[in-house]
Amino acid sequence: MSAAPSIFPGYSMGRIDDEIVNPTLYQSEAIHDIYARVRREDPVRWTAPNGFRPFWAVTKHADILEVEKNHQIFVNRLRTYLSPIQGEEWVKSVTGDTHLFRTLVDLDDPVHMKLRGLTQSWFMPPNLKKLEGRIAEIAKDHVDRMAALGSECDFVKEVALWYPLRVIMMILGVPPEDERFMLKMTQEIFGPGDPDVAAQTQHKADTAAFGAQGEGAVDLMQTAMKLFEYFGAITIDRRKSPKDDVASVIANGVIDGQPIGEREAMSYYIIIATAGHDTTSSTAAGGLLQLLKNPEQMAKLKANMSLVPNFVEESIRWVTPVKHFMRTAMQDTKLRDKTIKEGDGLCMFYWSGNRDEDAFEEPFKFKVDRNVTKHVAFGYGVHLCLGMHLARMEMKALYNELLPRLKSIELNGTPKNTLANFVSGLKTLPVRYRMA
Ligand code: HEM
């Protein structure tokens, strides 16, 4: 399909298209200017960034729901994330298909639902209720740690990164001493081109193989191999002696009378280990930053702690740590005023959907008392985030512990986001505070 001429005055077609995938604009959050224009002027936009296979950019809340709802027309298995052509070819050369992993988000029904069904009950409210006390303790440990640090810390590096990691590793069954390793692996997967992440890795890519980064970025194949090795050992252990943890459910998972495949099992551990904390830590830190920037909102929340659930939901809407997922059309169809052809890719820009003026009143205002009932940060439909109840529970536990103990808190430096267009959020949030 050929690209349509630009409708944006002052922007050439190529420029908008390149910007919508440009990690630098996600880091600076200037991407919202691009999203707003696309939403206003061409909300389902045929987009052809340099070096990428073209796709439809889906930027409106209602259209994102429409794509998610029609999972038989818009499938996951062919294209899940934005990746340059060179990266896609590299993945094909190593795995023989379009994915490095075969996680739940890379699969379609019926296999997706069967795999999801293996662990689903672990992440549903009745089971989480049993973990509430333990999660509150972990939240307290991390707030205690902040208090013990005195009057200054980097909230991301000292609290937000470690707290959800501890929770998900406890659920998965990974011992605390391996958390640092798991954090590093997650950061490599979600931010292989981020200079701070790449600086910490022992294995750098020598080509622009993956994501929108190039030489000097993390070599994701080696990251994958390390994770496979790590979880391979866990599988052997849990098959021998199953425990009451999610790793045991995965290791011993059976579908249609057959044990699940090795690649499926590895991918399952990896999605739970990775999706389960970076997202929540970005949200925890991003919510705090908004309270610091809007002291009247902080005061309102501290004065009325029954607003914590609203604040949590507003933080998730605001941060939208998962910036996009992709689908591929299996038949010709319509979306808004556009004809989507069989085989076309579609990219759902969740962050744009969550700032859509037609879905939210004053979407660019952070309001702790907003009644957010319908954001798309967790997606929608059959792939709706498996960990959403857990993420909410973790956020509530953290802020129920933290807010009453904070006598004062202010920014103590410049916050900085990661350089990534897929899963992203704050990587540093320096704060000065007094705590009880
Ligand atoms: C604020 C935190 C989180 C956000 C914003 C988030 C966001 C998302 C999004 C957007 C999707 C894709 C949904 C779709 O395609 O419709 C997803 C899927 C998923 N998330 Fe989360 N997530 C969060 C926390 C978690 C946690 C704590 C876990 C822990 C288990 C988790 C595990 C998963 C899994 C396994 C999937 C794949 C589900 C499927 O394809 O069936 N997520 N998440």
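Heads up: the structure comes first, above all this text.
Read on for an overview of the structure. Keep in mind that what you see is a predicted model, and the values were worked out from it rather than measured. (Residues numbered from 1 in each chain as written. Predicted model: local features only at pLDDT ≥ 70, side-chain atom pairs only at ≥ 80, totals over all residues. Heavy atoms only, no water.)

**So, the pattern of salt bridges**
If you walk through the whole model with that rule in mind, you get 36 salt bridges. For the salt bridge of Glu-41 with Arg-40, the shortest nitrogen-to-oxygen distance reads 3.9 Å. Given the relative accessible area of 58%, Arg-40 is considered exposed. Among the ionic pairs, Glu-313 bridges to Arg-392, the shortest N-O distance being 2.8 Å. Placement of Glu-313 in helix α17 (residues 308-319) and of Arg-392 in helix α19 (residues 388-405) is noted, with a sequence separation of 79 residues between them. This pair shows no difference in class: Glu-313 is buried, exactly as Arg-392 is. Each member of the salt-bridge network shares a partner with another, and the members are Asp-17, Asp-42, Arg-45 and Lys-338. (Salt bridge = Lys/Arg side-chain N within 4 Å of Asp/Glu carboxyl O. Buried < 20%, exposed > 50% of the residue type's maximum accessible area, 1.4 Å probe, protein only. Helix = DSSP H or I, 4+ residues; strand = E, 2+ residues; numbered from the N terminus.)

**Examining the coordination of the iron atom of the ligand**
In this structure the iron atom of the ligand is ligated by exactly one protein donor, Cys-385 (SG), at 2.3 Å. Relative to the helices and strands, Cys-385 is located in the loop between α18 (350-353) and α19. (Donors = N, O, S within 2.8 Å, 3.2 Å for Na, K, Ca; no water.)

**Section: the sheet that holds strand β14 (residues 430-435)**
Pairing in this open sheet of three strands is antiparallel, and the strands run β4-β14-β11 from one edge to the other. Of all the strands in the sheet, just β4 (152-154) and β11 (406-411) have a single pairing partner and so form its edges. Strand after strand, the sheet turns through a mean of 30° between neighbouring axes, direction not considered. With respect to the sheet, helix α7 (residues 125-148) is in contact with β4, β11 and β14, its orientation differing from that of β14 by roughly 90°. (Pairing = 2+ DSSP bridges. Axes fitted to C-alpha atoms, helices over the stretch in contact; angles between N-to-C directions. Contact = heavy atoms within 4.5 Å.)

**Topic: the sheet that holds strand β2 (residues 55-58)**
Across the sheet, five strands lie side by side as β1-β2-β10-β7-β3; this open sheet has mixed pairing. Of all strands in the sheet, those with a lone pairing partner are β1 (44-47) and β3 (74-75), marking the two edges. Of the pairings in the sheet, the one linking β3 to strand β7 (residues 324-329) comprises two bridges and is antiparallel in character. Bridge assignment links Phe-74 to a residue of β7, and that residue is Ala-329.

**Comments concerning unusual backbone geometry**
Looking along the chain, the bond that leaves Asp-109 and enters Pro-110 is cis, with omega of 10°. Its identity is not glycine, yet Thr-320 carries a phi of approximately 40°, on the positive side. Structurally, Thr-320 can be placed in the loop between α17 and β7. Here Thr-320 falls in the buried class, since its relative accessible area comes to 0%.

**Considering the packing of aromatic side chains**
For any pair of aromatic rings, the description rests on two quantities: the centre-to-centre distance and the angle between the ring planes. Inspection of the entire model under this criterion finds 16 aromatic pairs. Centroid distance Tyr-81 to Phe-325: 5.9 Å. Interplanar angle 45°. Geometry classified as tilted. With Tyr-81 in the loop between β3 and α5 (85-95) and Phe-325 in strand β7, the pair connects residues that are 244 residues apart, well separated along the chain. Given the relative accessible area of 25%, Tyr-81 is considered partly exposed. Accessibility expressed as a relative area gives 15% for Phe-325, which makes it buried. Ring geometry for Phe-311 and Tyr-399: centres 4.7 Å apart, planes at 70°, overall edge-to-face. Remark: Tyr-399 occurs in helix α19 and Phe-311 occurs in helix α17; sequence separation between them is 88 residues. There is no split in this pair, since Phe-311 and Tyr-399 are both buried. Every member of this aromatic cluster is reached through a ring pair, and the members are Tyr-26, Tyr-35, Phe-55, Phe-349 and Trp-351. The ring of Phe-360 is capped by Arg-317, whose NZ or CZ atom sits 5.2 Å from the centre of that ring. (Phe/Tyr/Trp six-rings, centres within 6.5 Å; stacked < 30°, edge-to-face > 60°. Lys NZ or Arg CZ within 6 Å of the ring centre and 35° of its normal.)

**So, the nonpolar core**
The biggest cluster of nonpolar side chains holds 113 residues, and the ones touching the most others in it are Met-146, Phe-155, Phe-231, Tyr-269, Tyr-399 and Leu-429. Here this core gets 10 residues from one element, more than from any other, and that element is α19. Once residues lying within four places of it in the same chain are set aside, the contact partners of Leu-429 are Cys-153, Asp-154, Phe-155, Val-156, Ala-285, Leu-288, Leu-289, Leu-292, Leu-411 and Pro-415. In terms of nonpolar packing, the next biggest core, distinct from the first, is built from 17 residues, Leu-25, Ile-31, Ile-34 and Ala-57 among them. (Core = buried A, V, L, I, M, F, W, Y, C linked by side-chain atoms within 4.5 Å.)

**Remarks on the site of the ligand**
The environment of the ligand is formed by 29 residues, the closest being Glu-68, His-112, Arg-116, His-383 and Cys-385. One of the side-chain nitrogen or oxygen atoms of Arg-116 is found 2.7 Å away from an oxygen atom of the ligand. Tyr-380 places a polar main-chain atom, nitrogen or oxygen, 3.2 Å from an oxygen atom of the ligand. Taken together, the elements giving at least two residues each to the shell around the ligand come down to α6 (111-119), α14 (262-275), α15 (278-293) and β7. Element by element, the count of residues in the shell around the ligand is highest for α15, at three residues. In the shell around the ligand, the residues fall into 18 nonpolar, eight polar and three charged. (Near = heavy atom within 4 Å. Polar contact = N/O pair within 3.5 Å; in protein donor to acceptor, adjacent residues only side chain to side chain. Nonpolar A, V, L, I, M, F, W, Y, C, P; charged D, E, K, R; others polar.)

**A closer look at the environment of Met-266**
With respect to the helices, strands and loops of the structure, Met-266 is situated in helix α14. Sequence spacing of Met-266 and Arg-434 is 168 residues, and the spatial spacing of their C-alpha atoms is 44 Å. The contact partners of Met-266, leaving out residues within four places of it in the chain, are Phe-228, Phe-231, Gly-232 and Thr-235.

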